[in-house]
Amino acid sequence: MSSVEERVRKIVIEQLSVKEEEVTPEASFVDDLGADSLDTVELVMALEEAFETEIPDEDAEKITTVQQAINYINAHKA
Amino acid sequence: MLNGEIALVTGASRGIGRALLLALAAQGATVVGTATTDAGAAGITQALSDAGYIGGGLVLNVGEQASVDALLAQMTAQFGAPTILVNNAGITRDNLLMRMKNDEWDAVIDTNLTSVYRLSKACLRGMTKARKGRIINITSVIGATGNAGQTNYAAAKAGMIGFTKALAREVGSRAITVNCVAPGFIDTDMTRALPEAQREGLLGSIPLGRLGQPEEIAGAVVFLASAAAAYITGETLHVNGGMHMG
């Protein structure tokens, strides 16, 4: 089983169709990786499925960078 | 034409819903039709199996979120996630506004409009993931023209048209199209309930001089569901014999 970080990065790469080297920890989904609002909703859905967790809307709004996503999953994973 | 597609049609036990369920199935789609009762759902399953089509009937109360969730879970497990959603379920509770009761207003808005919100939302997850999808909302000529005694119905049907345009903008980037079909007066139980005098009066306002048949609505729905309509979104297709020309 790969680490949470690797899995989150893989999901971001797939969902946003970006290059691996662009997905740095501090990369912002919207500002750096070109995500629109629908992309961010889909990204959260993909994370929920991959990690079998529910991310409430108020938490989802705060996940704006790759590192924030990793931190969130690490704190809430099943 | 629709091989490999999985269609969900609400309110499919009779009338327009039944006709368009069978028409989608005839084009090769796997179809699920919903009814409010077990008997209705069984009737749909029977009709599909009699015709040799793939699919079945399931029970749905469009007014309950839990029922929508249960339907999607069961449908996805049994047939797959829907790639075509036809929001067809609808009721009338006609009354002059000054006599209209709150429950008549609420029932029509909830069943005809809020249901579209619930079903569309539930189906979008699979569609955005698949990067394709068709949502077809069955509105009504009444949503465009109004009709005395139908403020609730007209509001719900016009509401569907606005919903359709907004959602079409939201999900267009995922190759999901959202459109309406607006039937005029179609020969179903709903219009058979009209007084004879009103029916006669109506015919005079229809250039084609007759009520429409459910199959004529189904044709429009099949078109919008097909690849031929891939570049049409946010549109309302009027099928009304000319009684209203958008």
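Refer to the structure printed above.
Report on the accompanying structure. Treat the numbers as computed from the prediction; the structure is a model and nothing was measured.

The rules behind each value
Residues numbered from 1 in each chain as written. Chains lettered and ligands numbered in written order. Predicted model: local features only at pLDDT ≥ 70, side-chain atom pairs only at ≥ 80, totals over all residues. Heavy atoms only, no water. Core = buried A, V, L, I, M, F, W, Y, C linked by side-chain atoms within 4.5 Å. Buried < 20%, exposed > 50% of the residue type's maximum accessible area, 1.4 Å probe, protein only. Helix = DSSP H or I, 4+ residues; strand = E, 2+ residues; numbered from the N terminus. Contact = heavy atoms within 4.5 Å. Buried area = accessible area lost by both parts, 1.4 Å probe. Salt bridge = Lys/Arg side-chain N within 4 Å of Asp/Glu carboxyl O. Polar contact = N/O pair within 3.5 Å; in protein donor to acceptor, adjacent residues only side chain to side chain. Pairing = 2+ DSSP bridges. Right-handed = clockwise from strand over helix to strand, strands pointing away.

1. Some points on the nonpolar core
Of all hydrophobic cores here, the largest spans 30 residues; its most connected members are B:Leu20, B:Leu24, B:Val86, B:Val181 and B:Val221. At the level of secondary structure, the elements contributing two or more residues to this core comprise β1 (6-9), α1 (15-26), β2 (30-35), α2 (38-50), β4 (84-87), β5 (133-138) and α9 (214-225) of chain B. With sequence-adjacent residues up to four places away left out, B:Val86 is seen in contact with B:Leu8, B:Val9, B:Thr10, B:Leu20, B:Leu24, B:Ile136, B:Ile138 and B:Val221. Membership of the second largest hydrophobic core comes to 24 residues, among which are A:Leu16, A:Phe29, A:Leu33 and A:Ile63.

2. Concerning the interface of chain B and chain A
Contacts between chain B and chain A engage eight residues on the former and eight residues on the latter. Together, B:Arg125, B:Lys129 and B:Arg174 form the three largest contributors to the area buried by chain B at its contact with chain A, with a combined 68%. The interface formed by chain B and chain A contains six salt bridges. The closest approach of N and O atoms between B:Arg125 and A:Glu49, which form a salt bridge, is 3.7 Å. Linking chain B to chain A there are six residue pairs in polar contact (both at pLDDT 80 or more). Within the residue set of the side of chain B that touches chain A, elements represented by two or more residues are α4 (102-130) and α6 (151-171) of chain B.

3. Considering the pairing of β4(B)
All names here are of chain B. With burial as the criterion, each face of β4 is covered, one bearing Ile84 and Val86 and the other bearing Leu85 and Asn87. Sheet topology note: the β1/β4 ladder contains three bridges and is parallel. Bridge pairing in β4 places Leu8 opposite Leu85. Here four bridges tie β4 to β5, and the two strands are oriented parallel to one another. By the bridge assignment for β5, Ile84 is matched with Arg134. For the segment spanning β4, α4 and β5, crossover handedness is right-handed.

4. Quick look at the pattern of salt bridges
Within this structure, the stated rule accounts for 13 salt bridges over all chains. Taking the shortest distance from any N to any O, the salt bridge between A:Glu14 and A:Lys10 comes out at 3.3 Å. Of this pair, A:Glu14 and A:Lys10 both sit in helix α1 (residues 4-16), four residues apart, roughly one helical turn. Its relative accessible area of 53% is what places A:Lys10 among the exposed residues. Each member of the salt-bridge network shares a partner with another, and the members are A:Asp39, A:Glu42, B:Arg131 and B:Arg174.

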